[in-house]
Amino acid sequence: AQSVAQPEDQVNVAEGNPLTVKCTYSVSGNPYLFWYVQYPNRGLQFLLKYITGDNLVKGSYGFEAEFNKSQTSFHLKKPSALVSDSALYFCAVRDMSNFNKFYFGSGTKLNVKP
Amino acid sequence: DTAVSQTPKYLVTQMGNDKSIKCEQNLGHDTMYWYKQDSKKFLKIMFSYNNKELIINETVPNRFSPKSPDKAHLNLHINSLELGDSAVYFCASSQAGTGISPLHFGNGTRLTVT
């Protein structure tokens, strides 16, 4: 079975500090991994994806994520957090046997304090 | 020029009523979805259509009936609404094929059943 886990319900970080939001996955074969952000009363917005190639992928709003096959992780990072980054972040993996299915993590609430 | 738009944004209704949510995408995608986000922010896929054909039908009560008149539209009709149907419903779209296309979400419809 394919799944995604986000071990932290909430991450607190001070503005200007680096941030990491964790994601681990369980799939058979090579994963297609995605990060989304959800602001209050909005839909999810695509941030970045890993399909193949360089393990460090860059995305929107200065976010990046590192794919680590041996640790089956795909952590989201940003070198310097902004208060406006405060939102709910979801990691997702595509079902490689059915591309129409995505499995989402439970979400991590990021709080960036001034 | 919103990419995925759904209406209404808010829907408050009484138990037993029937209601519909409409969704339209102008991205030219061939696959559309309905997701349900519960009060704990957990996202669960309900249905997926590819070129008007139903391809994913998760374990959803048959009171929920999707309809896709064309590949740019996917509507959701709910009969005999129950308290437990209260949630945020998201429409999404993506391009089928190689699996690299992310989901694009609408801003959601918050359904409250009283």
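**Notes on the pairing of strand 7 (residues 64-70) of chain B**
Residues and elements named next belong to chain B.
- Note that strand 7 and strand 8 (residues 73-78) share five bridges and pair antiparallel. Of the residues in strand 8, the one forming a bridge with Ser-65 is His-77.
- Adjacent in sequence and paired antiparallel, strand 7 and strand 8 are bridged by two residues.

**What to know about unusual backbone geometry**
- Residues Thr-7 of chain B and Pro-8 of chain B are joined by a peptide bond in cis, for which omega reads 0°.
- Within the secondary structure, Pro-8 of chain B is located in the loop between strand 1 (4-7) and strand 2 (10-13).
- One non-glycine residue, Tyr-61 of chain A, adopts positive backbone phi at about 60°.
- Phi at Thr-72 of chain A is positive, roughly 45°, even though this residue is not glycine.

**Details of the side chain of Thr-108 of chain A**
- Along the chain, Thr-108 of chain A falls in strand 12 (residues 108-113).
- If sequence neighbours within four positions are ignored, Thr-108 of chain A has contacts with Gln-6, Glu-8, Asp-9, Gln-10, Val-11, Val-21, Ala-87, Leu-88 and Tyr-89 of chain A.

**Some details on the sheet that holds strand 1 of chain B**
Residues and elements named next belong to chain B.
- The strand order across the open sheet formed by four strands is 1-3-8-7, and the pairing between neighbours is antiparallel. Looking at which strands have only one partner, the edges of the open sheet turn out to be strand 1 and strand 7. Each adjacent strand pair in this sheet contributes to an overall mean axis angle of 15°, direction not counted.
- With four bridges joining them, strand 3 (residues 19-25) and strand 8 adopt antiparallel strand pairing. Considered in strand 8, the bridge of Ile-21 is made with Leu-76.

**Focus on the interface of chain B and chain A**
- Contact residues are listed per partner, giving 26 residues for chain B and 21 residues for chain A.
- Of the roughly 1900 Å² buried between chain B and chain A, counting both surfaces, carbon and sulfur atoms make up 54%.
- Where chain B touches chain A, the interface holds one salt bridge.
- Among the ionic pairs, Glu-58 of chain B bridges to Lys-101 of chain A, the shortest N-O distance being 3.2 Å.
- Applying the counting rule to chain B against chain A returns eight residue pairs in polar contact (both at pLDDT 80 or more).

**Quick word on the state of the cysteines**
- One pass over the full model with this rule turns up two disulfides over all chains.
- The disulfide bridge from Cys-23 of chain A ends at Cys-91 of chain A, spanning 2.0 Å between sulfur atoms. An S-S torsion of about -65° defines the bridge between Cys-23 of chain A and Cys-91 of chain A as left-handed. Residue Cys-23 of chain A is found in the loop between strand 3 (19-21) and strand 4 (24-26), and its partner Cys-91 of chain A is found in strand 10 (residues 87-94); the two are separated by 68 residues along the sequence. In this structure, Cys-23 of chain A and Cys-91 of chain A share a single accessibility class: buried.
- Each sulfur in the disulfide pair Cys-23 of chain B and Cys-91 of chain B lies 1.8 Å from the other.

**Notes on the nonpolar core**
Residues and elements named next belong to chain A.
- By size, the foremost hydrophobic cluster in this structure holds 28 residues, and its most contacted members are Trp-35, Leu-47, Leu-48, Phe-74, Leu-76 and Tyr-89.
- When contributions to this core are tallied by element, the ones reaching two or more residues are strand 2 (10-14), strand 3, strand 5 (33-38), strand 6 (44-50), strand 8 (64-68), strand 9 (73-78), strand 10 and strand 12.
- At four residues, strand 10 tops the list of elements feeding residues into this core.
- With near-sequence residues (within four places) excluded, Phe-74 lies in contact with Cys-23, Leu-33, Phe-34, Trp-35, Leu-48, Lys-49, Tyr-50, Val-57, Ala-65, Glu-66 and Phe-67.

**Concerning the pattern of salt bridges**
- Taken as a whole and assessed by the stated rule, the structure comprises six salt bridges over all chains.
- Glu-66 of chain A is the partner of Lys-77 of chain A in a salt bridge, and the nearest nitrogen-oxygen pair spans 3.4 Å. Separated by eleven residues along the polypeptide, Lys-77 of chain A in strand 9 and Glu-66 of chain A in strand 8 bring together distant segments of the chain.
- For Glu-66 of chain A, a relative accessible area of 37% corresponds to the partly exposed category.
- For Asp-85 of chain B, the salt bridge is made with Arg-63 of chain B, and the minimal N-O distance between the two is 2.8 Å. With a gap of 22 residues between them, Asp-85 of chain B in the loop between strand 8 and strand 9 (87-94) and Arg-63 of chain B in the loop between strand 6 (53-57) and strand 7 connect regions that are remote in the sequence. For the pair formed by Asp-85 of chain B and Arg-63 of chain B, the shared burial category is buried.
- Put simply, Arg-63, Glu-82 and Asp-85 of chain B are held in one network by salt bridges that share partners.

Rules used in this analysis
- Throughout this description, residue numbers start from 1 for each chain and increase along the sequence as written.
- In the order they appear in the text, chains get letters beginning with A and ligands get numbers beginning with 1.
- Totals for whole chains, interfaces and linings use every residue, but because this is a predicted model, local features are given only for residues with pLDDT of at least 70 and side-chain atom pairs only at 80 or more, for both listing and counting.
- The basis for every side-chain value is the complete set of non-hydrogen atoms in the structure, without hydrogens or water.
- Should DSSP find at least two bridges between two strands, the strands are regarded as paired.
- Starting at the N terminus, helices and strands are each numbered in turn, a helix being any DSSP run of H or I of at least four residues and a strand any DSSP run of E of at least two.
- Working rule for contacts: check all heavy atoms of both residues, and any pair within 4.5 Å makes them a contact.
- Axis geometry follows a simple rule: fit a line to the C-alpha atoms, using only the stretch in contact for helices, then measure angles between N-to-C directions, giving values from 0 to 180 degrees.
- Buried area adds together the accessible area that both of two parts lose upon being put together, with accessible area traced by a 1.4 Å probe.
- When a carboxyl oxygen of Asp or Glu lies within 4 Å of a side-chain nitrogen of Lys or Arg, that pair is called a salt bridge.
- Counting of polar contacts relies on pairs of N or O atoms within 3.5 Å, with two restrictions inside protein: one atom must be capable of donating a hydrogen and the other of accepting it, and residues adjacent in sequence are counted only when both atoms are side-chain atoms.
- Disulfides are defined as pairs of cysteine sulfur atoms found within 2.5 Å of each other.
- When accessible area is computed with a 1.4 Å probe and restricted to protein chains, residues below 20% of their type maximum are described as buried, those above 50% as exposed, and intermediate ones as partly exposed.
- Nonpolar cores are built from buried Ala, Val, Leu, Ile, Met, Phe, Trp, Tyr and Cys residues. Side-chain atoms within 4.5 Å join them into one set.

This is a description of form; function is not addressed.
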